[in-house]
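Inside the fold
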Amino acid sequence: MEQRYDCLVVGAGLAGAVAARELAERGGRRVLVLERRSHVGGNAYDRFDEAGVLIHQYGPHIFHTNDKRVFDYLSRFTAWRNYQHKVVANIPKGEGRTLLPVPFNLVSLEVAFGRRRARALEEKLIAAYGAENKVTILELRQSPDPELSALADYVYDHVFVRYTMKQWGQTPEEIDPNTTARVPVFLSRDCRYFQDEYQGLPLEGYTPMFEKLLDHPDVTVALDTDAGRRLTLGEDGITRLDGAAFAGTVIYTGAADELFGCRFGRLPYRTLEFQCETHPVDAYQTHGTVNYTMDEAFTRITEFKHLTGQVLPKTTTIMKEYARAYTGRPGEIPYYAIINDANNALYARYRSAAERYPNLRLLGRLAEYKYYNMDAIAKRALALCDDLLK
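The residue numbers shown here count from 1 along each chain, following its written sequence. For this predicted model, a pLDDT threshold of at least 70 governs which residues receive local features, and a threshold of 80 or more governs which side-chain atom pairs are given and counted, while totals over whole chains, interfaces and linings are taken from all residues. With hydrogens and water set aside, each side-chain value is computed from the structure's full complement of heavy atoms.

Turning to the sheet that holds strand S20 (residues 316–325), a few remarks are in order. Hydrogen bonds between backbone groups are what pair the strands of a sheet, and the pairing can be parallel or antiparallel. Two strands pair if DSSP finds at least two bridges between them. Only DSSP runs of H or I reaching four residues or more are called helices, and only runs of E reaching two or more are called strands; each is numbered from the N terminus. The strand order across the open sheet formed by seven strands is S8-S7-S18-S19-S20-S17-S21, and the pairing between neighbours is mixed. If you trace the sheet from one side to the other, it starts and ends with strand S8 (96–102) and strand S21 (336–337), each paired once. Taken together, the three bridges between strand S7 (residues 87–93) and strand S18 (residues 289–291) define a ladder with parallel strand orientation. Bridging from a neighbouring strand, Val 88 pairs with Val 290 of S18. Along the sheet face, helix H3 (residues 106–113) touches S7 and S8 and points at about 165° away from the line of S8. By definition in these notes, contact holds between two residues if any of their heavy atoms fall within 4.5 Å. To define axes, lines are fitted to C-alpha atoms, for helices over the stretch in contact only, and angles between the resulting N-to-C directions are given on a 0 to 180 degree scale. Strands S7, S8, strand S17 (269–279), S18, strand S19 (300–303), S20 and S21 of the sheet are contacted by helix H6 (residues 146–168), whose axis makes an angle of about 100° with S17.

Written as structure tokens, this is what we have:
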């Protein structure tokens, strides 16, 4: 096995796919990719459902970046649909409901308070903080103007606190005050969720992009393969593949605790559950993503046809998203690391254990116990390969 492959990559998500391609194409390495699932693409995997709607099976993924290298690199493997993501919050208002642009901005101000009052508040905001800037809840709460401090309370109540409680399973008292303080109000009418220079979705879908990324004569992908059954880390500091010593580079993108059999305890995460519904209408909602920040058990509804631009008359699929505590049960997926001092200390023990193996590299959300956007993890994969191929 050591003679057949020069490098081993565990995981065929974005981190693993970019690394495998770089090592093979730029480094001339023979790379074996082990993927536990029956498909490539990690959580960005998309597929057609039974109704013929292209859905993101593990929740919506919108690519956005200001990094030209990352954008140009991925553009080798896909054309892009120029999609500008806009999110609204569905909240009660009076006897009915209304859609409030998120993050909260000057358009949200009009929706919440009506044009006349919003105009007066806008004038105060611009005078105090400047046009096209961001101001945080903390800054607004510290304002000597009672109307502006009241606005901070409105954004906290209607946009942030209940949504965060559902997302992270916390009470208001448990929510980090520093996180609350950073919640922004945008002093602009730009309703895009992201302001990055490059944003959109792969024109044919994420899965075809990943298939092209991994389509190289020196890359072998083994699906339905649990790395734990083939890769072992010996107490002697030697990595073994199928029982034989493997001296080549090993890039691991899975959960760091699982790599070591959770010997120090399981790293805490939040997981997600998805409920898909198909409806006989052209469109179920006005936006690709609608957050439910004040009520409902789910956090948001995604309607994929808005994202993908797919034309399919009288048929649409929506996805309701529920956040749950991660327990490690079969079938559960760790999505969001719960970052605090205790969990960082626990992760440090796993990172220290990994450092005993000189040919092992940890890469990605799960392996590094951090949240990364897609562009950031592609950038990290490219940088790691830069170092390995010096």
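Before going further, it helps to examine H6. Between its first and last C-alpha atoms H6 spans 31 Å; for 23 residues at 1.5 Å apiece the expected length is 33 Å, and the two agree. To get the bend at any residue, fit one axis to the seven residues that end at it and another to the seven that begin at it, then take the angle between the two axes. At Asp 157, H6 shows its strongest bend, of approximately 45°. Residues adjacent in sequence count toward polar contacts only when both atoms are side-chain atoms; beyond that, a polar contact is any pair of N or O atoms within 3.5 Å, and within protein one must be able to donate a hydrogen and the other to accept it. For H6, the N-terminal capping position is held by Asp 145, with its side-chain oxygen 2.8 Å away from the main-chain nitrogen of Glu 147. Count one or two residues on from H6 and you reach Gly 169, which has phi positive near 65°. By this rule the span expected of a helix is its residue count minus one, scaled by 1.5 Å.

A few words on the sheet that holds strand S2 (residues 31–34). Read across the sheet, five strands follow the order S12-S2-S1-S16-S22 without closing on themselves; strand pairing throughout is parallel. Single-partner strands in this sheet number two, and they are strand S12 (219–222) and strand S22 (360–362). For this sheet the average axis-to-axis angle between neighbouring strands, irrespective of direction, equals 15°. With four bridges connecting them, strand S1 (residues 7–10) and S2 associate as parallel partners. Of the residues in S2, the one forming a bridge with Leu 8 is Leu 32.

Where helix H1 (residues 14–25) meets helix H8 (residues 206–213), the closest approach of the two axes is 9 Å, and the angle between their N-to-C directions is 30°. Relative to H8, the element H1 lies roughly parallel. Of the residues in H8, those touching H1 at Leu 14, Ala 17, Val 18 and Arg 21 are Phe 210, Lys 212 and Leu 213. Note on angle classes: values under 35 degrees are labelled roughly parallel, values over 145 roughly antiparallel, values of 65 to 115 roughly perpendicular, and the remainder oblique.

Attention now goes to the packing of helix H4 (residues 115–129) against H6. Interhelical geometry of H4 versus H6 gives an angle of 100° and a closest axis separation of 10 Å. One finds that H4 runs roughly perpendicular with respect to H6. On H6, the residues touching Arg 117, Leu 121, Lys 124, Leu 125 and Tyr 129 of H4 are Glu 147, Leu 148 and Leu 151. Its residues placed into classes, the contact of H4 with H6 shows five nonpolar, no polar and three charged. Residue type decides the class: Asp, Glu, Lys and Arg count as charged, Ala, Val, Leu, Ile, Met, Phe, Trp, Tyr, Cys and Pro as nonpolar, and the leftover types, Gly among them, as polar.

Moving on, we get to the side chain of Arg 300. In this fold, Arg 300 is placed in strand S19. With a 1.4 Å probe rolled over the protein chains alone, any residue whose accessible area is under 20% of its type maximum counts as buried; one over 50% counts as exposed, and the rest are partly exposed. You can call Arg 300 buried: its relative accessible area is 18%. In this structure the side chain of Arg 300 is engaged in a polar contact, spanning 2.9 Å, whose partner is the side chain of Glu 321. Residues within four places of Arg 300 in sequence aside, it is in contact with Pro 60, Tyr 163, Thr 289, Val 290, Asn 291, Tyr 292, Met 319, Lys 320 and Glu 321.

Pairing of aromatic rings covers Phe, Tyr and Trp, the last counted by its six-membered ring, and requires centre-to-centre distances within 6.5 Å; plane angles under 30 degrees mean stacked, over 60 mean edge-to-face, and any other angle means tilted. If you walk through the whole model with that rule in mind, you get 20 aromatic pairs. For the ring pair Tyr 156 and Phe 160, a centre distance of 5.9 Å and an interplane angle of 40° mean the geometry is tilted. Taken together, the positions of Tyr 156 and Phe 160, both in helix H6 and four residues apart, correspond to about one turn of that helix. Here Tyr 156 matches Phe 160 in class, with each residue buried. Three or more aromatic residues link up through ring pairs in this structure, and these residues are Trp 168, Phe 274, Tyr 335, Tyr 336 and Tyr 371. A cation over a ring is seen here: Arg 141 above Tyr 156, with NZ or CZ 4.9 Å from the ring centre. Both a distance and an angle decide whether a charge sits over a ring: NZ of Lys or CZ of Arg must be within 6 Å of the ring centre and within 35 degrees of the ring normal.

Let's shift gears to the UniProt feature "domain: UDP-galactopyranose mutase C-terminal" (unreviewed entry) in the protein. UniProt positions are given in the numbering used here, feature names are shortened, and annotations may be inferred rather than shown by experiment. The UniProt record annotates "domain: UDP-galactopyranose mutase C-terminal" (unreviewed entry) at residues 159–371. Counted over residues 159–371, helix gives 23% and strand 27%. Its end C-alpha atoms are 22 Å apart.

A word on the side chain of Lys 166. Within the secondary structure, Lys 166 sits in helix H6. No salt bridge is formed by the buried Lys 166. Its closest oppositely charged neighbour is Asp 295, at 5.9 Å. In this structure, Lys 166 is in contact with Arg 270, Tyr 292, Asp 295, Glu 296, Ala 297, Phe 298, Thr 299 and Ala 323, ignoring residues within four places of it in sequence. Here Asp and Glu are counted as negative and Lys and Arg as positive; His is not counted, and neither are the chain ends. A carboxyl oxygen of Asp or Glu within 4 Å of a side-chain nitrogen of Lys or Arg is what we treat as a salt bridge.

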